[in-house]
Structures are given as structure tokens and as C-alpha cells.
Amino acid sequence: MPSDDASALPSESVSPPTAPPAAGYRALLRNREFAGLYAGFTLTVAASTLSGFALGTLVDDRTGSPFLTAVSMYGATFATVLGALTLMSVADGKRPRRTLVTLQCVSLAGVAAQAVPGLPLAARFGLLLVLGFFQSLGTGARMGLLAEVVPASAYALARSLMNITSGGTAVLGFALGALLLRYLNPHEVFVVAAVLTGLGLVAVATTAREHSTRPAGPGRPGIRSDARPGPRPGPLPGLRRTWATNTELFSHPGRRALLLNLWVPNGLIVGCEALFISYDPEHAGVLLAASSAGMLLGDLTVGRLLTADRRRRCAFALRLLLAVPYLLFAARPPTMVAAVAVFVAGAGFAATLPLQEQLLALTPDPVRGQVQGVESAGRMTWQGIGAALAGGLALYLGPGPTITVLAALSATVTVTVLSRPFVARAG
């Protein structure tokens, strides 16, 4: 629920209203709907990890280009911004379950199409863009449902569990992908990914139910916090409604600062990760798994063990932790040292949790699916930007120096450092 004055973004030192204690992970999983969303999310992450690793390996084998390899692993993220700008309001429609199931079906078709042998690389990149567009809408629908099936006091815990699972699944996915590619070709790994996507579809379709409490149609409120009605778009989700809500979302500098903190540091560090295959093809799976394991530990610690106030106080330090260990790549360290550095840096991804809590606190119920979808789409888009920037620089500097440059950029020049006083002033 929004605060009384949602137009002012709380600074990192201001405490929100005290919420009732959240239940534990076991209590969350006893909620059948949450368990279904969680299972579908886990299987989708596993499928995405396998297909991304397989495609990156295939492109690297065919082209040897660090730019194309990086873009192939994260290229789908470029299209997420299109979903955020055009049709993200479908996440807050009257039939969110049907929307999510439909979008899961589209994802299944796209992953299955990647398994076709002999498919030109241009077609594969085109599929990436199509999948990215629909996946961004699916994320908005899933997060909108999540905010309805769990109480507000358990939202951060639910996101923490999903982030932990994402990290753990990615660890297993990269390890399994490296193992499978020793015995299977990339096209057969795509088949495995398609099967996992199908299982995720079944999990959602058989457990989630419709939540039609979100108003739709004329008079549907925007994200304003005062008593005045928000924008009054037409009755159907679409471009007009999406733009009306997005305009109000970005109308206040505090919200913009919060979103930039969620997007830019993560995107630049994902650019570092996108170079692992080019940096060390033999041990890329180890480095990717180490990053995911660090993210798992960070989310577990920050989401489960810290209070909301302590999470918020740690946010700035975690954003720095996300970047600083990558500076070791300037010395091209041994694989184990690099893996430890990547593991430690991965814990910094937990900075998203307190920032997402603040964003949810500023978002009224009727548009929370769209706002969370925009946040996720922007974060994914910046991951694509980071991967493309990393791949382009690596053509001239090499993978190791490029990783160092991006880490330094994230830690000292961009939002990671400069946004802290800006966020405080905006509050």
C-alpha cells in the first residue's frame, strides 16, 4: 500500500511505517497460489539459464565474437523496454491469471523454436527480441499476482525467496548447462529448456486463480497519492493506459532516482558477467555459478535475517559491494581468486530488495503490476545495455580490461555513488 505522501521518496535513512512481522518461508509455501507462482518462476528461470548458456556457447563457437556472444546471452532484455512502454498495463487487467498463462505459452513456443537445427543466427536474435517483449509483460503479471496472493508484510520475504531461488537455480542451471554441453549439442539443450518452460506453464495454470479486485476502466486511479483521481484512460489495457501510468511514475525525481538505483548498477555488472565466456571459456560456468551463489547468499541474508530498516541502511553499501570486487580483474587473477571475487560481488545484488520495498510502498494497488513490471523491464533492459556495452568495449580492450572498466564505472561514476545524496534530497 502507498504511504500517505507517495510523491516523496523516502531517503535511505528514513523508516517506513512499521509492518506486522512477516511469516517464514515455510508459511509462504503453504499458500497454494504462491507455491504455484514460485514453482513456475523457478522452472522459468532454469529454462532461461539453460537456453541462454546454450545460445551463448553456440554463438561463440560460430562467430568467436565477444560482442555477439554477450548480446546473445542478454539480448532478450533489450525488448523488455518495449513491453514497459506499450502494453505493460495488461499486468493490471481483470484476468491476470489468464494473461500470465497466455504469456507462458508464448515463451514455450519461443524456446522450442530455438531448438530447431540450422536456424540462422539472425532468426535466433529475432526470437530473443520477441521473447524479451512478452517476458516483460509476464513478469509484470506475475509480480502483480504475487502482491495479491501474499500480505503486504510478507512481500519482501516473498521476493527474497524468489531471488534466492533465482540465484540457486542459476547456479544449478549453469553447472547443468556446462555438463549437458559435454554430451549434448546446444539444440538438444534447448529441448530441455523447452520442457522446463512447459512444466512452469503447468504449475501456474493448475494453481493460480483469477484476482479481479483491481479496478479497470474509466476512473481507474493512477499512482498519485492524494485524493484526486489519476489518469482516466479507456477501459481496455493498452498504450494509452500504459503511458498515463508511466508518465506519473516518472514525474517525481525521487521515483526516478529509485528506479535508476535499481537499474544502472545491476546492468553494468551484468555486462561484466556477459564477458565470462569470452574471458575464460573453460571456466565460464564456474564464474557464472559463483555470481549466482553470491546472489543467493546475499538475498537470503538481507531478506530473511535483516529488518526492513536495516535492509534500507545497507542498500548503499551493497551497491558498492556489487562492483568493487570486479576491479581485481585488472590483474587477471587465477580462476579461483576470480570466482571468490565474483561470489562476493554477487551478494551486492541484494540491494534490490530494500529498493523494491520502497517502490511498492509508493505504489497503489490498482497499478502495482504495471509499476513492478516497468521496474523489472528497466532492470532487464539495463542488463542488455550493459552486455552490449561490454561486448563492444571488449572488441578493443579485451574482456579482462573491459570488466575492470565497467566495474569502476559502476562504483565511482554512475548511480552507485552519485545517487545517494540525490535520493536523500528527493526524500
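Along each chain, the written sequence defines residue order, and numbers are assigned to residues from 1. The predicted origin of the model limits local features to residues at a pLDDT of at least 70 and limits the giving and counting of side-chain atom pairs to 80 or more, whereas totals for whole chains, interfaces and linings rest on all residues. Water and hydrogen atoms were dropped before computing side-chain values, which therefore reflect all heavy atoms in the structure.

Asker: Can you tell me about the packing of helix α12 (residues 284–305) against helix α14 (residues 335–346), naming the residues and giving the values?
Answerer: Axis definition: a line fitted to C-alpha atoms, over the contacting stretch in the case of helices. Angles run 0 to 180 degrees between N-to-C directions. Only DSSP runs of H or I with at least four residues qualify as helices, and only runs of E with at least two residues qualify as strands; both kinds are numbered from the N terminus onward. Interhelical geometry of α12 versus α14 gives an angle of 30 degrees and a closest axis separation of 6 Å. In terms of axis orientation, α12 runs roughly parallel to α14. At the point where α12 passes α14, the crossing takes the right-handed sense. Contacts from Val-286, Leu-287, Ala-290, Ser-291, Ala-293, Gly-294, Met-295 and Leu-297 of α12 reach α14 at Thr-335, Ala-338, Ala-339, Val-342, Phe-343 and Gly-346. Think of it as three bins: nonpolar holds Ala, Val, Leu, Ile, Met, Phe, Trp, Tyr, Cys and Pro, charged holds Asp, Glu, Lys and Arg, and polar takes everything else, Gly as well. Residue composition of the contact of α12 with α14, grouped by class: 10 nonpolar, four polar and no charged. With respect to orientation, any angle under 35 degrees is reported as roughly parallel, any angle over 145 as roughly antiparallel, any angle of 65 to 115 as roughly perpendicular, and every other angle as oblique. Helix crossings are classified by the rotation of the near helix relative to the far one: an anticlockwise turn of less than a right angle makes the crossing left-handed, while a clockwise turn makes it right-handed. Working rule for contacts: check all heavy atoms of both residues, and any pair within 4.5 Å makes them a contact.

Asker: Before we move on, could you go through the nonpolar core and cite the residues and values that matter?
Answerer: What is meant by a nonpolar core is a set of buried Ala, Val, Leu, Ile, Met, Phe, Trp, Tyr and Cys residues, joined one to another through side-chain atoms within 4.5 Å. Categorising residues by exposure relies on relative accessible area from a 1.4 Å probe, with only protein chains included: less than 20% of the type maximum marks a residue as buried, more than 50% marks it as exposed, and the intermediate range marks it as partly exposed. Of all hydrophobic cores here, the largest spans 42 residues; its most connected members are Ile-269, Phe-276, Tyr-326, Phe-329 and Ile-403. Not counting chain neighbours up to four residues away, the residues in contact with Ile-403 comprise Cys-272, Leu-275, Phe-276, Tyr-279, Tyr-326 and Phe-329. Among the nonpolar cores identified, the runner-up in size contains 27 residues, and Leu-146, Ala-147, Ala-154 and Leu-161 belong to it.

Asker: Which residues make up helix α15 (residues 352–361), and what are the values?
Answerer: With respect to burial, α15 is a largely interior element, eight of its 10 residues being buried. By the burial criterion, the buried members of α15 are Thr-352, Leu-353, Pro-354, Leu-355, Gln-356, Gln-358, Leu-359 and Leu-360.

Asker: Report on α14, specifying residues and quantitative values.
Answerer: Helix span, as expected, comes to 1.5 Å for every residue beyond the first. Compared with an ideal rise of 1.5 Å per residue, which puts 12 residues at 16 Å, α14 spans 16 Å between its outermost C-alpha atoms and is within 8% of the ideal. Contact partners of the buried residues in α14: α11 (276–279), α12 and α13 (308–323).

Asker: So what's going on with the packing of helix α5 (residues 96–114) against helix α8 (residues 186–207)? Which residues, and what values?
Answerer: Contact geometry for α5 and α8: axes closest at 8 Å, N-to-C directions at 170 degrees. Classed by the angle they form, the pair α5 and α8 counts as roughly antiparallel. Counted together, Arg-97, Leu-100, Val-101, Gln-104, Cys-105, Ser-107, Leu-108, Val-111, Ala-112 and Gln-114 of α5 and His-187, Phe-190, Ala-193, Ala-194, Thr-197, Gly-198, Gly-200, Leu-201, Val-204 and Ala-205 of α8 form the full contact between these two elements. When grouped by side-chain class, the residues that make up the contact of α5 with α8 number 12 nonpolar, seven polar and one charged.

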